[in-house]
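# Examination of the molecular architecture
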Amino acid sequence: MTTTHTLKALSKALLLATGCLTASTVFADQKTPEQLYPPLTSEVLPELAAKGSYSVGVQTLDLVNPAQFDPATQAKKDRPLKVEVWYPAADSANAPLTSYSDITRTGKTFTLQADAMRDVAINNKEHYPVIVLSHGYTGYRTIMYYLGEHLASHGYIVAAIDHTDSTNADVDFKNAPFSGFFSTLINRSRDQQFVLNYFNEQSNFASKQVDNKNAGVIGYSMGGFGAVNTIGGCYDFNEQTTAMFTGIKDPAQIKQVQQLLNSCAGGQYKNPQVDTRIKAMVAFAPWGGQHNLFNASAMQNIKVPSLYIAGSLDDISGYEGIKNLYNQTGSTDKYLLTYKNARHNIAPHPAPAIAKRSSELDIGHYYEPSWSMRTLNETNKHFVLAMMDCHVKGITSQCEYLDLPQNGDQAVVNGKPLPAWHGFDNRFSTGMDWQQAKPRTK
């Protein structure tokens, strides 16, 4: 055998060995939950992104909302809802950290490392407001688990919903991407209100620790579409938009469905009343404003403090549509955080490894071309906690984090950069804009 042939043979053998090693490494990695949030010095993070004083517990509940309208059968049907609940853990809790398993849009499974203990006792020293957390279309209940864990560590009970008919597991996003959309339009706000009612009004593991007077709701994309409705932004579908988003063509049926869709505050129709426990709403990239799906008068009557978070290049919900929702919202305490040059994926956790090796259909659920997902997540933690502490818990000092100049880029004036936003270290508040209804106090 010539030297050349020998080298080729060795190269082939090395490639095969490397391939086997890579395959075995991937297989081994699949048994170990992925860590999406490796340690990062707090010097580059906003202040309120720091973990709170509580250890975190987590439980999975299977709830049933009885006798709900089912678009598939056109009849009433019990609606199952799987809910992931994060909460302050008892001081005595001592269990291994758990993990979260789900699937991508194309059905690929993954498991992520949690910073929470499974099924441990709740801390019984305080009462904690309930925050409902609502994913987009499609999604899953742990897609914003970083927010659930973060808020729980600061003294909240966070209930994240798997919205039936709207999850990655429910929808064949490649072949029938809109199969669950009609159900999503009808049920998103209803699901949010039902889960809030469950924790406040029914017997459950956290019943004795729930603050029954204060609560909040957070929604991303279609979850934001629901959250705006839950706080009083009544839907205002016309015949054209009803037909467009349900696929119905029969004129008589369109009118019937239009009446069904135009509900308010968790499925109410006549004289809707917003749940007085809800003291704050956060909507990440809320859908619907670009299609004028909310009643303008109802939006003006919203009183709940509201934070809208958007990417300036959002091509799913439309940045102008999100700004319109912010402008129409009547709350005296309202805010708009804009991530400049971001698109729609401003709320999910970073992409799991399996999505990175897959198609755009999977990685496109998480990836932002101009932003680090870690940076977005940490900033979201900061502002969401400020919002909930200020308006749900009424901690006045936390409101200072919501009283900011418009631009965070620290422009140079007279040779010196302007101060960073409150809560951000020098040089690390760039790339964001802020609007607020009230004039700055400083």
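Residues numbered from 1 in each chain as written. Predicted model: local features only at pLDDT ≥ 70, side-chain atom pairs only at ≥ 80, totals over all residues. Heavy atoms only, no water.

Glancing now at the packing of helix α2 (residues 145-153) against helix α11 (residues 373-391). Relative orientation of the contacting elements α2 and α11 amounts to 45°, with a least axis distance of 10 Å. Of the possible angle classes, the one that applies to α2 and α11 is oblique. The two elements α2 and α11 cross, and the hand of that crossing is right-handed. Between α2 and α11, the contacting residues are Y146, L147, H150 and L151 on the first element and N377, N380, K381, V384, L385 and M388 on the second. Here the residues of the contact of α2 with α11 sort into six nonpolar, three polar and one charged. (Axes fitted to C-alpha atoms, helices over the stretch in contact; angles between N-to-C directions. Helix = DSSP H or I, 4+ residues; strand = E, 2+ residues; numbered from the N terminus. Parallel < 35°, antiparallel > 145°, perpendicular 65-115°, else oblique. Left-handed = near helix turned anticlockwise from the far one by under 90°. Contact = heavy atoms within 4.5 Å. Nonpolar A, V, L, I, M, F, W, Y, C, P; charged D, E, K, R; others polar.)

With that out of the way, let us pick up the state of the cysteines. Per the counting criterion, the structure on display carries two disulfides. The disulfide partner of C234 is C264, and the S-S distance across this bridge is 2.2 Å. Around the S-S axis, the bridge from C234 to C264 shows a dihedral of about -70° and counts as left-handed. Taken together, the residues span a long stretch of sequence, with C234 in the loop between α4 (222-230) and α5 (239-246) and C264 in the loop between α6 (251-261) and β8 (278-284) at a distance of 30 residues. (Disulfide = S-S within 2.5 Å.)

Let's shift gears to the confidence of the model for the chain. On average, residues of the chain carry a pLDDT of 93, and 93% of them reach 70 or more. Here residues 1-29 scores under 50 on pLDDT; set against residues more than four positions off or in separate chains, the count is two contacts. (pLDDT = per-residue confidence, 0-100.)

The next thing to look at is the side chain of S317. Mapped onto the elements, S317 comes out in the loop between β9 (306-311) and α8 (319-328). Residue S317 is classed as buried on the basis of its relative accessible area, which comes to 0%. Within the structure, the side chain of S317 is placed 2.9 Å from the backbone oxygen of A285, a separation counted as a polar contact. One polar contact links the side chain of S317 to the main-chain carbonyl oxygen of P286, over a distance of 3.4 Å. In contact with S317, not counting residues within four places along its chain, are S221, A285, P286, W287, Q290, I322 and H344. (Buried < 20%, exposed > 50% of the residue type's maximum accessible area, 1.4 Å probe, protein only. Polar contact = N/O pair within 3.5 Å; in protein donor to acceptor, adjacent residues only side chain to side chain.)

Next up on the list: the packing of aromatic side chains. Within the structure shown, the criterion is met by 26 aromatic pairs. Ring plane angle 65° and centroid distance 5.0 Å describe the contact between Y339 and W371, whose orientation is recorded as edge-to-face. Of this pair, Y339 sits in strand β10 (residues 334-339) while W371 is found in the loop between α10 (360-363) and α11, placing the two residues 32 residues apart along the sequence. Classification of Y339 as buried rests on a relative accessible area of 0%. Site record: aromatic cluster; members linked through ring pairs are Y137, F178, F181, F225, Y235, F237, F245, W287 and F294. (Phe/Tyr/Trp six-rings, centres within 6.5 Å; stacked < 30°, edge-to-face > 60°.)

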